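# Coordinate inspection notes
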Amino acid sequence: MSIVRPKKHLGQHFLKDLNIAKNIAEALTGHGDYQRVLEVGPGTGVLTQFLLSNDFELHLIEIDRDSVGFLNKNFPELTNRIVEGDFLKVNVAALEAHKFAIIGNFPYNISSQIFFKVLDQKQHIPEVVCMIQKEVADRLVSPPGSKAYGILSVLLQAYYDIEYLFTVEPGVFNPPPKVKSAVIRLKRNLTESIDCDERLFRRIVKQAFQMRRKTLRNALKPINLPEQTRTLPIMDSRAEQLSVNEFVNLTNEISRWQKKE
Ligand code: SAH
């Protein structure tokens, strides 16, 4: 077996602990009735080997040519299902055309971008199981009112129920990352669409958290708030105090007055 040398710029930290790999693979529940699973960043396949035995049709996407060569050699049964490419650029809907779950030990440098892509494709993605930095995992599961609550917590919690599964220490990777990791599971909830202009919702959430210490009245100034919304009591709150629903209501309130202007 040829060995792939980990490349820092690709966020490569190869998991060495087979038990952990198995536990991650087994965290897929099948929620949402999908037949296919897409593994993002399989590297040298430590997780892949435990995904072969389940009933799903497994696809892989990996950006690193050396890893793809290694995978093709070691998983001949997957040859036509290994895409060499950038998950952030590939059109996953076209690639899969069905509902599919995503699993992976994500490259930590792009984990937020991966979640934004998941949000864009949420109608196709009923379940995600992934390993990310613990700090990011803590943010994604944190409820309103806490310091860790942020943009992705709101945007993802609007559409997914998120569970923190377990913490993973740096020592089980080659090379060890500087931070702790965690495995989380996201299950698409029953919300078909949140009841508001979703683009405006995203803009408001992002803008509100950009200046999270300020009241919404000040933080949202760049959005050109309609005059009538400035006096709303909620404008005295700060972003981290608002639940998903309150952001939805706020969005509706703002679009209502924008239409009238
Ligand atoms: N799953 C493996 C590797 C995890 S490291 C393991 O657990 O050991 C993250 C992996 O994601 C690396 O193999 C890296 O090459 C790959 N990767 C990085 N950026 C990517 C991208 N944009 N699209 C797809 N794969 C990517």
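Placed above this text is the structure.
These notes cover the structure that comes with them. Worth saying up front: this structure is predicted, and the values here are computed from it rather than measured. Position labels on residues start from 1 in each chain and follow its written sequence. Side-chain atom pairs in this predicted model are given and counted only at pLDDT of 80 or more, local residue features only at pLDDT of at least 70, and totals for whole chains, interfaces and linings cover all residues. With hydrogens and water excluded, all non-hydrogen atoms of the structure serve as input to the side-chain values.

## A short note on the overall build of the chain
Selection rule: Strands here are runs of E lasting at least two residues and helices are runs of H or I lasting at least four, both read from the DSSP assignment and numbered beginning at the N terminus. Radius of gyration here is computed from C-alpha atoms only, and the compact-globule reference equals 2.2 Å multiplied by the residue count raised to the power 0.38. Whether two residues touch is decided by their heavy atoms; if any such pair falls within 4.5 Å, the residues are in contact. Each accessible area is a Shrake-Rupley result for a 1.4 Å probe, and residues are judged covered by the shown protein chains and nothing else. Positive charges are assigned to Lys and Arg, negative charges to Asp and Glu, while His and the chain termini are left out of the count. Positions of charges follow a simple convention, taking NZ of Lys, CZ of Arg, CG of Asp or CD of Glu.
Helices and strands together make up the secondary structure of the chain, namely 10 helices and nine strands. Its C-alpha radius of gyration of 20 Å places the chain within 12% of the 18 Å reference for a compact globule of 261 residues. Along the longest, intermediate and shortest principal axes, the C-alpha atoms of the chain span 65 × 35 × 30 Å. For the chain, contacts bridging at least 24 residues in sequence account for 67% of all contacts bridging at least 6. About 12900 Å² of surface is accessible on the chain, with carbon and sulfur atoms providing 48% of the total. Counting 35 positive and 30 negative side-chain charges, the chain places the centres of these two groups 7 Å from one another.

## What to know about the side chain of Ser-237
Summarising the element assignment, Ser-237 is placed in the loop between α9 (216-219) and α10 (244-260). Ser-237 has contacts with Lys-214, Thr-215, Leu-216 and Leu-242, leaving out every residue within four places of it along the chain.

## Regarding the nonpolar core
The condition is simple: Buried Ala, Val, Leu, Ile, Met, Phe, Trp, Tyr and Cys residues form a nonpolar core when they are joined through side-chain atoms within 4.5 Å. Only protein chains enter the area calculation, which uses a 1.4 Å probe; residues under 20% of their type maximum are buried, those over 50% are exposed, and those in between are partly exposed. What marks off one domain from the next here is an automatic or database domain assignment.
Phe-115, Phe-201 and Phe-247 are the most contacted members of the largest nonpolar core, which has 53 residues in total. No other element matches helix α8 (residues 198-210), which puts six residues into this core. Residue assignment places this core across two domains, with domain 1 (8-188) and domain 2 (198-260) each supplying three or more. Grouped together as the second largest cluster of nonpolar side chains are 29 residues, Ile-24, Leu-51, Val-168 and Val-183 included.

## Some remarks on the pattern of salt bridges
In plain terms, the rule: We define a salt bridge as a contact between a side-chain nitrogen of Lys or Arg and a carboxyl oxygen of Asp or Glu at a distance within 4 Å.
Applying the stated rule across the entire model yields 18 salt bridges. Across the pair Lys-89 and Asp-86 runs a salt bridge, and its minimum N-O distance is 3.9 Å. Classification of Lys-89 by relative accessible area gives exposed; the value is 71%. Across the pair Glu-240 and Arg-238 runs a salt bridge whose closest N-O atoms are separated by 3.5 Å.

## Description of the pairing of strand β6 (residues 127-133)
Two faces make up the sheet, and in a regular strand the side chains alternate between them. The test is simple: Here a strand pair is declared whenever DSSP counts at least two bridges between the two strands. Crossovers are described as right-handed under a simple rule: with the strands pointing away from the observer, the path leading from the first strand over the helix to the second runs clockwise.
Within β6, seven of the seven residues are buried, which leaves it mostly tucked inside the rest of the structure. By the bridge criterion, four bridges tie strand β5 (residues 100-105) to β6 in an arrangement that is parallel. By the bridge assignment, Gly-104 is partnered in β6 with Cys-130. Handedness of the crossover is the feature at issue here: the chain leaves β5, passes through helix α5 (residues 111-120), returns alongside β6, and the resulting connection is right-handed. Inspection of the sheet shows β6 paired to strand β9 (residues 181-188) by seven bridges, in the antiparallel sense. The residue bridging Val-129 from the neighbouring strand is Arg-185, located in β9.

## A short note on the pairing of strand β3 (residues 57-62)
Within β3, five of the six residues are buried, which leaves it mostly tucked inside the rest of the structure. Inspection of the sheet shows strand β2 (residues 36-40) paired to β3 by five bridges, in the parallel sense. Residue pairing for β3: Arg-36 is matched across the bridge by Glu-57. Two strands pair when backbone bridges link them, and β3 and strand β4 (residues 82-84) are joined in this way by three bridges, in the parallel orientation.

## Quick word on the site of the ligand
The test is simple: Any residue with a heavy atom lying within 4 Å of a molecule or strand is counted as near it. Whenever two N or O atoms come within 3.5 Å, that pair is a polar contact, provided that in protein one can donate a hydrogen and the other can accept it, and provided that, for residues adjacent in sequence, both atoms are side-chain atoms. Definitions used for this entry: grid spacing 1 Å over protein atoms alone; cavity, a set of points where a 1.4 Å probe fits but cannot get out; pocket, an open set with protein on both sides within 12 Å along at least 5 of 7 lines; lining residue, one with an atom within 4 Å of a point. Put plainly, a molecule is in a cavity or pocket when over half of its atoms are within 2 Å of the grid points there.
Surrounding the ligand, one finds 21 residues, the nearest of these being Gln-12, Gly-41, Glu-62, Asp-86 and Asn-105. Within the side chain of Glu-62, an N or O atom sits 2.5 Å from an oxygen atom of the ligand. Phe-87 places a polar main-chain atom, nitrogen or oxygen, 3.0 Å from a nitrogen atom of the ligand. If the ligand stood free it would expose 570 Å²; the protein chains cover 97% of that surface. Most atoms of the ligand, that is more than half of them, are within 2 Å of grid points of the largest pocket. Where the shell around the ligand is concerned, the elements lending two or more residues are β1 (14-15) and β3.

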